[in-house]
Amino acid sequence: RAALVGYSSSEEEEEEGGRRGGGAQGPPRASAGRPRLPVPAGLPGDPEPEEAVSDDSSRHGGRVRGFPHERGSWATHVYLPCRVQEEFLELLELLVSRARTYVSSLAAMEEFHLSLSQCVVLRYHWIDPFVRSLKERLASFDRFFCVADQVKIYTNENKTRTFIGLEVSAGHFQLLELVSEVDRVLEEFGLPTFYKDPSFHISLAWCVGDLSGRLEGQCLRELQDIVDGFEDSALLLRVQWEQIRCKSGNKYFSFPLR
């Protein structure tokens, strides 16, 4: 079965990464029962950074938004940005070319990341306090390495998109520690925390619809063989994380690791 990946917004993840390339599996944990912070109903003179728009999926590659777009509500996502080498892009091209023999509509990611949160909805008024809380909780973390070398197939929760990702096989403990701190911030704001048993990964390619059945089995085995046989893949897929990033609407906030 394909694992779940936490992309709720149509724009939140090709970066990303959720652009986009990361997520997790399993049902979300319930937040810890803290009372939700009151949200101002809209104060005079408040900026409205994201204008209400009609959800026309044809405007963004057929992706379907997982929650309605509302004025003053910003899609927010916490993740580790991943800088890749030229050789990584060569490997990506091999993998996508092979996978397209099974699903021709696959599109390669242009940017890569590993998610530390689901995509959540944050009111404009809470962006600054949310970011301050993240900064405080993440300040003590050091840079670290992960190995992402296991090909895996993911779908988002409402089965409107399918992803090919590289799952982390080393570095899981450090990622769980980061998620624990991010979860605490989410709980402060009454927002959904991350998945209980996350499958940390970097997404490589995606397509519209649930086409996981075509990509698992023989296709998945062929993709793993390509990864295993790629020159210097062990070194290439060892990723050093140097910063955490939060994207909220069109704003980006970075938190360097020590």
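Since this is a predicted model, take the numbers as computed values, not measurements. (Residues numbered from 1 in each chain as written. Predicted model: local features only at pLDDT ≥ 70, side-chain atom pairs only at ≥ 80, totals over all residues. Heavy atoms only, no water.)

**Q** I'm lost on the overall build of the chain in this one. Help?
**A** Along the chain, the regular secondary structure elements total six helices and 11 strands. The 258 residues of the chain split such that 52% are buried. Working note: accessible area of the chain is about 12000 Å², and carbon and sulfur atoms make up 48% of it. (Helix = DSSP H or I, 4+ residues; strand = E, 2+ residues; numbered from the N terminus. Buried < 20%, exposed > 50% of the residue type's maximum accessible area, 1.4 Å probe, protein only. Areas by Shrake-Rupley, 256 points an atom, 1.4 Å probe, with all protein chains shown as cover.)

**Q** I'm lost on a negative patch on the surface in this one. Help?
**A** A cluster of acidic side chains, namely Glu 86, Glu 87, Glu 90, Glu 93, Glu 231 and Asp 232, defines a negative patch on the protein surface. Inspection of the secondary structure assignment puts Asp 232 in the loop between α5 (218-229) and α6 (233-236). (Patch = residues over 30% accessible without salt bridge, like charges linked within 9 Å, V, L, I, M, F, W, Y side chains within 5 Å. Salt bridge = Lys/Arg side-chain N within 4 Å of Asp/Glu carboxyl O. Lys, Arg positive; Asp, Glu negative; His and termini not counted. Charge placed at Lys NZ, Arg CZ, Asp CG, Glu CD.)

**Q** Hey, could you run me through the packing of helix α1 (residues 86-99) against α5 in this one?
**A** Helix packing for two helices is described by the angle between their axes and how far apart those axes are. Two elements in contact, α1 and α5, have axes separated by 10 Å at closest approach and are oriented at 160°. Of the possible angle classes, the one that applies to α1 and α5 is roughly antiparallel. As α1 runs across α5, the sense of the crossing is right-handed. Residues Leu 91, Leu 94, Leu 95, Arg 98 and Ala 99 of α1 touch α5, and the partners they reach there are Cys 219, Glu 222, Leu 223, Ile 226 and Val 227. Residues belonging to the contact of α1 with α5 are distributed by class as follows: eight nonpolar, no polar and two charged. (Axes fitted to C-alpha atoms, helices over the stretch in contact; angles between N-to-C directions. Parallel < 35°, antiparallel > 145°, perpendicular 65-115°, else oblique. Left-handed = near helix turned anticlockwise from the far one by under 90°. Contact = heavy atoms within 4.5 Å. Nonpolar A, V, L, I, M, F, W, Y, C, P; charged D, E, K, R; others polar.)

**Q** Please explain helix α3 (residues 172-188) as it appears in this structure.
**A** Side chains of residues three or four places apart in an α-helix project in the same direction, reflecting 3.6 residues per turn. In this model, α3 (17 residues) spans 25 Å end to end at C-alpha, consistent with the 24 Å of a helix rising 1.5 Å per residue. The complete set of buried residues in α3 reads Leu 175, Leu 178, Val 179, Glu 181, Val 182, Asp 183, Val 185, Leu 186 and Glu 187. Of the residues flanking the end of α3, it is Gly 190, one or two places downstream, whose phi is positive at about 65°. (Expected span 1.5 Å × (residues − 1).)

**Q** I tried to follow the packing of helix α2 (residues 127-138) against α3 on my own but got confused; where do I start?
**A** Interaxial distance between α2 and α3 falls to 10 Å at its minimum, and their mutual angle equals 150°. As summarised for this structure, α2 and α3 are arranged roughly antiparallel, according to the angle between their axes. Of the two elements, α2 crosses α3, and the hand of that crossing is right-handed. Contacts between α2 and α3 involve Phe 130, Ser 133, Leu 134, Arg 137 and Leu 138 from the first element and Leu 178, Glu 181, Val 182, Arg 184, Val 185, Leu 186 and Glu 188 from the second. Across the contact of α2 with α3, the residue classes break down as seven nonpolar, one polar and four charged.

**Q** I keep staring at α2 and nothing clicks. Help me out?
**A** With 12 residues, α2 should reach 16 Å at 1.5 Å per residue; the first-to-last C-alpha distance of 16 Å fits that figure. Within α2 the residues assigned to the buried category are Ile 127, Pro 129, Phe 130, Val 131, Ser 133, Leu 134 and Leu 138.

**Q** How should I be thinking about the packing of aromatic side chains in this particular structure?
**A** By convention here, two paired aromatic rings are described through the distance between centres and the angle between planes. All told, the structure shown has six aromatic pairs when counted by the stated rule. Relative to Phe 189, the ring of Phe 130 has its centre 5.4 Å away and its plane inclined at 70°; by these criteria the two rings are edge-to-face. Of the two residues, Phe 130 sits in helix α2 while Phe 189 sits in the loop between α3 and β8 (201-208), which places them 59 residues apart along the sequence. The residues Phe 130 and Phe 189 share a single accessibility class, namely buried. Of the aromatic side chains, those joined through ring pairs into one cluster are Trp 126, Phe 130 and Phe 189. The ring of Phe 145 carries Arg 238 above its face, with NZ or CZ at 3.7 Å from the centroid. (Phe/Tyr/Trp six-rings, centres within 6.5 Å; stacked < 30°, edge-to-face > 60°. Lys NZ or Arg CZ within 6 Å of the ring centre and 35° of its normal.)

**Q** I'm lost on the pattern of salt bridges in this one. Help?
**A** A side chain with one charge may pair with a side chain of the opposite charge, provided their charged atoms come close. Within this structure, the stated rule accounts for seven salt bridges. Of the charged contacts, one joins Glu 242 and Arg 143 as a salt bridge, the two residues approaching to 3.9 Å between their closest N and O atoms. Of the two residues, Glu 242 is situated in the loop between β9 (238-241) and β10 (243-248) and Arg 143 in the loop between α2 and β6 (144-156); the sequence distance between them amounts to 99 residues. Owing to a relative accessible area of 43%, Arg 143 belongs among the partly exposed residues under this scheme. Linked through salt bridges whose partners overlap, the residues forming this network are Arg 83, Arg 143 and Glu 242.

What is shown is where atoms sit, not what they do.
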